[in-house]
Amino acid sequence: MTAEQMGVQLGRKAEDATPPPQQSGERLEHSPILTLFLAALAAGGWCRSSRGRAG
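Reference entry: report on the structure contained in this document. (Residues numbered from 1 in each chain as written. Predicted model: local features only at pLDDT ≥ 70, side-chain atom pairs only at ≥ 80, totals over all residues. Heavy atoms only, no water.)

Attention now goes to the overall build of the protein. In terms of helices and strands, the protein carries two helices and zero strands. Roughly 5500 Å² of accessible area belongs to the protein as shown, and the carbon and sulfur atoms make up 58% of that amount. (Helix = DSSP H or I, 4+ residues; strand = E, 2+ residues; numbered from the N terminus. Areas by Shrake-Rupley, 256 points an atom, 1.4 Å probe, with all protein chains shown as cover.)

A cluster of nonpolar side chains, Leu28, Leu34, Phe37, Leu38 and Leu41, forms an exposed patch at the surface whose accessible area comes to about 490 Å². The greatest single-element share of the nonpolar patch, amounting to four residues, is contributed by helix H2 (residues 33-54). The topology assignment puts phenylalanine 37 in helix H2. (Patch = residues over 30% accessible without salt bridge, like charges linked within 9 Å, V, L, I, M, F, W, Y side chains within 5 Å. Salt bridge = Lys/Arg side-chain N within 4 Å of Asp/Glu carboxyl O.)

This is how it looks when you write it as structure tokens:
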């Protein structure tokens, strides 16, 4: 049985799309740069703490 036969609509609607950023602060919120920076910071802290426990 397919999704259409069950009455399920698959796919995205136009209203579900996120509008493009309007202000400079919104650009940072939608950018992966902040996430990558925080992940690198956390990985560095984890490596530093694990190195301290090993020695």
